[in-house]
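Remarks on the overall topology
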2 protein chains.
Amino acid sequence: MRVTRSKITTNFSEWYDWVLSEAEIVDYGRYPVKGMGVWMPYGFKIREKVLNILRTLLNNSGHEEILFPLLVPEDLIRKESKHIEGFQGEVFWVTKGGNDELDVKLALRPTSEVAITYMESLWIKGYTQLPRKFYQVVSVFRYETKATRPLLRVREISTFKEAHTIHETFEDADRQVKEAVSIYQQFFDSIGIPYLISIRPEWDKFAGAIYTVAFDTVFPDGKVVQIGTVHHLGQNFTKAFDMKVQRANGTLDYPHQTSYGISDRAIASIIAIHGDDHGAVLPPAVAPISVIVVPIPSKEDNEKVLEYARKVLEQLSSSGIAARLDAAEKMTPGEKYYYWELRGVPIRIEIGRRELLKNTIVMKRRDTLEATEVKLPDLIDAVKSLLNQIDKDLKEASWSRMKSMVRIVHTMGEVKTELESKMGIVEVPWCGNDACGLKMEEESGARVLGRPYHDQEVTGRCAVCGSTAKTILRIAKTY
Amino acid sequence: MRVTRSKITTNFSEWYDWVLSEAEIVDYGRYPVKGMGVWMPYGFKIREKVLNILRTLLNNSGHEEILFPLLVPEDLIRKESKHIEGFQGEVFWVTKGGNDELDVKLALRPTSEVAITYMESLWIKGYTQLPRKFYQVVSVFRYETKATRPLLRVREISTFKEAHTIHETFEDADRQVKEAVSIYQQFFDSIGIPYLISIRPEWDKFAGAIYTVAFDTVFPDGKVVQIGTVHHLGQNFTKAFDMKVQRANGTLDYPHQTSYGISDRAIASIIAIHGDDHGAVLPPAVAPISVIVVPIPSKEDNEKVLEYARKVLEQLSSSGIAARLDAAEKMTPGEKYYYWELRGVPIRIEIGRRELLKNTIVMKRRDTLEATEVKLPDLIDAVKSLLNQIDKDLKEASWSRMKSMVRIVHTMGEVKTELESKMGIVEVPWCGNDACGLKMEEESGARVLGRPYHDQEVTGRCAVCGSTAKTILRIAKTY
């Protein structure tokens with residue numbers, strides 16, 4: 001039994017702002033630049049945990065972390081024409097240094113394909129140096145004109161993990177796309193975030209890409225959020241920089257690239273998708289604190305209860321479990337429960353006189369608030385196994401909620417009524433022609449997410465033209 | 001016996017650029033924006049190690065990591081008048097978003113006192129919330145007009161650890177300055193960088209500070225580099241933001257602040273101060289690889305030698321030692337020695353047929369290139385003890401070199417000739433009057449670093465006015 005999620009589903013927006021601010025994850029909206037917020041200490045720790053998972057996956061698959069400058073000169077960013085077309089409306093420009101007007105305007109990087117390709121053209125001369133897989137974790141900037149939302153639509157994306165790889169052949173780059181998709185699956189699985197993987201339609205791929213694979217998830221309000229993208233860039237950027245390298249067969253040719261990114265939205269998803277009316281519910285893998293120990297004051301034996309609580313803390317800590325004792329005297333146990341539930345700590349251990357006398361503890365899981373009594377000698381095993389259980393249950397619950405929001409329909413009428421009544425994602429048979437896809441987008445007033453990345457059987461006829469369907473298109477209202 | 005350091009001392013500048021680029025630490029000067037460079041994978045790993053030491057020291061002393069936006073609106077940055085006076089010549093300004101001129105210019109943060117004080121004024125209402133100690137690791141920007149040097153004088157300081165603390169009283173902030181100084185001492189000690197701690201003269205303190213404590217070190221060319229600063233900000237910024245909080249005695253008052261920073265220069269110091277003619281020499285604490293295992297090809301027993309080398313690697317790795325086997329077939333052992341010495345790996349293990357037959361290994365320390373033969377069963381103990389020895393010896397050697405560059409003189413004539421002939425730092429008796437100090441700066445053509453932070457006995461008379469000296473002033477040519 002989960003804690004109710006009525007506040008989230010009926011007024012997600014308000015709930016979301018409340019959790020981010022009350023749980024001290026980000027302070028957003030009070031910083032005096034629109035679309036930019038402050039990562040607070042607790043939020044920063046969650047962010048670090050999330051990034052560590054991602055870094056480990058990338059490091060273990062041969063990716064090398066680097067760090068590029070923030071600023072990209074205008075002439076560089078204009079090298080790839082489709083790329084700048086896609087981004088130029090939303091670039092922030094530095095035009096002054098001190099009191100000087102700069103000769104060349106400098107962009108705050110909106111993404112780093114051009115800067116990285118330029119340097120690769122200096123570093124890489126031949127196929128023996130390929131492939132190279134780089135990544136960096138940086139801020140990127142978009143001059144958003146739409147309404148901004150913390151961690152979802154911002155002007156400074158302050159957590160942007162962007163990977164950039166370079167390969168001898170198109171096929172190598174294609175394999176890299178598959179590796180990236182698999183890494184992102186492992187990443188989202190480890191934080192319990194459900195996803196659909198789609199190949200974005202031609203008209204909505206990354207500016208400068210051959211094709212784009214995207215991860216989408218469904219938020220509690222039924223809106224869809226893009227949480228990760230993987231792009232096959234082909235030779236578009238290497239050609240723009242006239243970067244040729246020697247191939248194994250002795251000829252010179254432009255190498256092929258991919259790029260892929262994960263942003264703040266991964267953290268937004270953890271908060272939004274696992275949360276409930278009491279606040280955040282953190283998967284154990286990203287919780288800065290796994291167990292909070294709360295002593296219940298006792299008139300007779302207060303000091304002994306505290307001592308017992310300290311002993312429990314000590315046992316947890318020495319077993320490598322991130323535990324904390326909340327012995328603050330000015331707060332009641334009830335206030336402490338509220339405080340730590342809001343912050344999503346996976347397990348609470350309550351210790352009062354009753355537990356002291358029985359040599360037990362009460363263990364309460366955050367996701368269901370179920371309590372279990374545990375004998376002290378079983379403490380570590382019980383906590384470890386409950387953390388695993390919570391991890392598993394959060395993932396199952398979130399996947400099952402998402403699946404209930406994805407359904408197949410067959411006509412454009414159904415697309416519209418389904419999206420209006422229940423939001424989520426509708427899948428509709430499609431002939432494969434862009435013209436029909438664009439019409440679906442137009443008629444639904446929603447966004448075409450694309451066709452499934454993994455083949456999916458389809459029967460029926462294109463909802464627009466009526467010819468035999470080749471695949472499906474996914475349509476949703478998106479953030 | 002150290003490897004010779006003739007290249008470093010006779011032409012430091014060339015040597016420094018060569019190591020940074022050849023050892024693939026940073027690629028600087030080729031990125032198409034002046035004063036900005038790329039952290040390469042190997043350099044990035046050193047940077048991570050250095051930052052982890054710093055983060056651990058800060059986290060263990062109650063500092064909380066946060067992350068602020070990059071951009072600071074002009075009106076905010078103008079709030080503290082001395083502060084903006086100090087920085088306005090070197091601020092980069094964002095004036096355009098997409099095709100729009102922005103209503104308010106946005107500064108790329110040159111440092112974060114104003115932004116943080118502004119948010120603290122929203123977060124902190126009373127003394128029970130004090131002290132708070134925040135820090136962040138970010139890029140800061142200075143529109144340098146002087147010649148830039150990688151990691152030393154740059155326009156994007158891409159590794160800036162800035163701490164910001166806030167306290168109820170002046171004395172609390174004073175104690176915090178002492179804590180910060182002690183943390184920085186531990187930090188520099190752990191990377192073997194020698195330092196002098198000085199209180200900067202009035203005319204050279206941080207823009208907006210009551211006083212500034214600085215760490216300086218001496219580079220191989222005899223020039224001095226400021227590697228860390230700690231500022232007591234008093235109420236200057238809280239007054240500028242009219243931020244009053246409730247004190248324990250019930251009154252309302254402006255809280256007191258400190259800020260302190262460490263930058264890329266810490267990493268520059270590691271490279272410059274420990275290096276030798278073969279390249280970088282990394283202290284074990286920051287070396288991404290502690291031990292490189294190089295097999296020596298053997299006609300008779302090549303496969304067995306390789307197998308033996310793999311066994312050695314396995315033993316090292318399973319003991320938690322960061323080791324790597326360089327089994328590349330296209331490079332000779334000599335080329336591998338050159339490659340890994342350049343990168344400063346503390347220990348090289350050479351394994352050939354001779355070692356295979358004797359069940360030994362040859363262990364070569366990077367700093368002295370001394371070789372020791374070790375029996376295989378003693379491998380782990382020998383490596384661990386040698387890593388400790390290298391750590392100790394590097395620190396001793398660098399401290400002793402620095403001390404030889406610091407000397408007391410008594411007249412302005414001596415100041416000039418000493419600085420001209422041998423560079424380094426001269427200490428000269430001083431009466432304590434700023435007028436005399438400024439005259440010293442003027443006459444020496446060098447920079448006054450300030451007086452010792454820790455009291456130092458002084459005899460003699462002020463080198464300018466001849467009255468009884470109260471303390472000494474340190475003078476040096478600086479980067």
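Residues numbered from 1 in each chain as written. Chains lettered and ligands numbered in written order. Predicted model: local features only at pLDDT ≥ 70, side-chain atom pairs only at ≥ 80, totals over all residues. Heavy atoms only, no water.

**Some details on the packing of aromatic side chains**
Residue and element names in this part refer to chain A. The criterion, for reference: Ring geometry is summarised as follows: Phe, Tyr and Trp rings, the Trp one being its six-membered ring, pair when their centres sit within 6.5 Å, and such pairs are stacked at plane angles under 30 degrees, edge-to-face over 60 and tilted between the two. We call a charge positioned above a ring when the Lys NZ or Arg CZ atom is no farther than 6 Å from the ring centre and deviates by at most 35 degrees from the ring normal.
With the rule as written, the count across this model stands at 38 aromatic pairs over all chains. Ring pairing ties together the aromatic residues Tyr184, Phe187, Phe188, Tyr195, Phe215, Tyr260 and Trp399, which thus form one cluster. Taking NZ or CZ as reference, Lys223 lies 4.8 Å from the ring centre of Tyr479, over its face. A cation over a ring is seen here: Arg343 above Tyr339, with NZ or CZ 3.6 Å from the ring centre.

**Brief notes about the side chain of B:Glu427**
For the record, the criterion: What counts as a helix is a DSSP run of H or I of at least four residues, what counts as a strand is a run of E of at least two, and both are numbered from the N terminus. Here, two residues are considered to be in contact whenever any of their heavy atoms come within 4.5 Å of each other.
Looking at the element boundaries, B:Glu427 is found in strand 21 (residues 425-430). Filtering out sequence-adjacent residues up to four positions away, B:Glu427 remains in contact with B:Leu196, B:Val406, B:Arg407, B:Ile408, B:Val409, B:Gln456, B:Ile472, B:Leu473 and B:Arg474.

**Concerning the interface of chain A and chain B**
Under the convention used in this document: Buried area adds together the accessible area that both of two parts lose upon being put together, with accessible area traced by a 1.4 Å probe. Salt bridges are identified by distance alone: a Lys or Arg side-chain nitrogen within 4 Å of an Asp or Glu carboxyl oxygen. As used in this structure description, the phrase polar contact means that two N or O atoms lie within 3.5 Å; if the pair is within protein, one of them must be able to donate a hydrogen and the other to accept it, and residues adjacent in sequence are counted only when both atoms belong to side chains. Charged means Asp, Glu, Lys or Arg here, nonpolar means Ala, Val, Leu, Ile, Met, Phe, Trp, Tyr, Cys or Pro, and polar covers whatever is left, Gly included. Strands qualify as paired when DSSP identifies two bridges or more between them.
Facing the 51 residues of chain A at the interface are 51 residues of chain B. Carbon and sulfur atoms make up 68% of the area that chain A and chain B hide from each other, which totals about 4400 Å². On the chain A side of the contact with chain B, A:Tyr31, A:Leu67 and A:Pro69 bury the most area, a combined 14% of that side's loss. The interface formed by chain A and chain B holds zero salt bridges in total. At the boundary of chain A with chain B, the tally comes to 17 residue pairs in polar contact (both at pLDDT 80 or more). Element by element, the count of residues in the side of chain A that touches chain B is highest for strand 5 (residues 92-97) of chain A, at six residues. Taken together, the residues of the side of chain A that touches chain B sort by class into 33 nonpolar, seven polar and eleven charged. With five bridges connecting them, strand 5 of chain A and strand 5 (residues 92-97) of chain B associate as antiparallel partners. What sits directly across from A:Val94, in strand 5 of chain B, is B:Val94.

**Brief notes about the domain arrangement of chain A**
All names here are of chain A. Stated formally: An automatic or database domain assignment supplies the residue ranges for each domain.
Here chain A is partitioned into domain 1 (6-274), domain 2 (289-388) and domain 3 (406-476). A C-alpha centroid distance of 40 Å is found between domain 1 and domain 2. Contact residues are listed per partner, giving five residues for domain 1 and five residues for domain 2. Note on domain 1 versus domain 2: buried area summed over both sides is about 530 Å², and carbon and sulfur give 55% of it. Where domain 1 packs against domain 2, one counts one salt bridge. Glu24 is paired through a salt bridge with Arg343; the nearest N and O atoms lie 2.8 Å apart.

**Observations concerning helix 14 (residues 412-422) of chain B**
Residue and element names in this part refer to chain B. Applicable threshold: Each residue's exposure class comes from its accessible area (1.4 Å probe, protein chains only) as a fraction of the maximum for that residue type: buried when under 20%, exposed when over 50%, partly exposed otherwise. By construction, the arc corresponds to the directions joining the helix axis to the C-beta atoms.
Looking at helix 14, one finds that the buried residues are Met412, Val415 and Leu419. The arc that holds every buried residue of helix 14, seen down its axis, measures 50 degrees, which confines them to one face. Exposed side of helix 14, more than 90 degrees from the buried face: Glu420 and Ser421 are the residues found there. Each element contacted by the buried residues of helix 14 is listed here: strand 20 (406-408), strand 21, helix 15 (434-444) and strand 23 (471-476). Positive phi appears at Met423, one or two residues downstream of helix 14, with a value of about 55 degrees.

**Details of the relation of the copies chain A and chain B**
To keep things clear, this is the line we draw: Least-squares superposition aligns the copies on the C-alpha atoms of those residues with pLDDT at or above 70 in both.
After a rotation of 180 degrees and a shift along the axis of 0.0 Å, chain A superposes on chain B with an RMSD of 0.0 Å. The operation mapping one copy onto its partner corresponds to a two-fold rotation axis. Among all residues of chain A, the one whose C-alpha sits closest to the rotation axis is A:Val94, at a distance of 2.0 Å.

**Here's the deal with the sheet that holds strand 6 (residues 100-108) of chain A**
Operational definition: Between N-to-C directions, angles span 0 to 180 degrees; the directions come from axes that are lines fitted to C-alpha atoms, helices contributing only their stretch in contact.
Within the open sheet, the six strands sit side by side as 4(A)-6(A)-5(A)-5(B)-6(B)-4(B). Their pairing is antiparallel. Among the strands making up the open sheet, the edge pair consists of strand 4 (71-73) of chain A together with strand 4 (71-73) of chain B. On average, adjacent strands in this sheet sit at an angle of 45 degrees to one another, irrespective of strand direction. By the bridge criterion, three bridges tie strand 4 of chain A to strand 6 of chain A in an arrangement that is antiparallel. Directly across from A:Val72, in strand 6 of chain A, lies its bridge partner A:Ala107.

**Here's the deal with the nonpolar core**
Put simply, the rule reads: We call a set of buried residues a nonpolar core when its members are Ala, Val, Leu, Ile, Met, Phe, Trp, Tyr or Cys and they connect through side-chain atoms within 4.5 Å of each other.
A:Leu108 and B:Leu108 are the most contacted members of the largest nonpolar core, which totals 82 residues. Once you skip the residues sitting within four places of it in the chain, B:Leu108 turns out to touch A:Leu70, A:Leu71, A:Val94, A:Leu108, B:Leu70, B:Leu71, B:Phe92, B:Val94 and B:Phe141.

**Here we look at the pairing of strand 7 (residues 132-141) of chain A**
Residues and elements named next belong to chain A. Within strand 7, nine of the ten residues are buried, which leaves the element mostly enclosed by the surrounding structure. Here strand 3 (residues 64-65) runs beside strand 7; their pairing, made up of two bridges, is parallel. Among the inter-strand pairings, Glu64 is bridged to a residue of strand 7, identified as Phe134. As judged from the nine bridges shared by strand 7 and strand 8 (residues 156-167), these two strands associate in the antiparallel manner.

**Quick word on the sheet that holds strand 16 (residues 323-325) of chain A**
Residues and elements named next belong to chain A. Taken in spatial order, the five strands make up an open sheet running 16-15-17-18-19, and their pairing is mixed. Here the strands that pair on one side only, and so sit at the sheet edges, are strand 16 and strand 19 (371-375). If you compare each strand with its neighbour and ignore which way they point, the axes differ by 25 degrees on average. Pairing of strand 17 (residues 347-351) with strand 18 (residues 360-365) involves four bridges; the strand directions are antiparallel. Bridging from a neighbouring strand, Ile347 pairs with Arg365 of strand 18. Relative to the sheet, helix 10 (residues 302-318) contacts strand 15 (291-295), strand 16, strand 17 and strand 18, its axis offset from that of strand 15 by approximately 170 degrees. Each of strand 15, strand 17, strand 18 and strand 19 touches helix 13 (residues 379-404); the most contacted strand, strand 18, lies at about 10 degrees to it.

**Details of the pairing of strand 22 (residues 447-452) of chain B**
All names here are of chain B. One ladder, built from two bridges, connects strand 9 (residues 196-199) with strand 22; its direction is antiparallel. Bridging across to strand 22, Ser198 finds its partner in Pro452. Here strand 22 pairs with strand 23 via three bridges, running antiparallel. Residue pairing across strands places Arg447 opposite Ala476, the latter belonging to strand 23.

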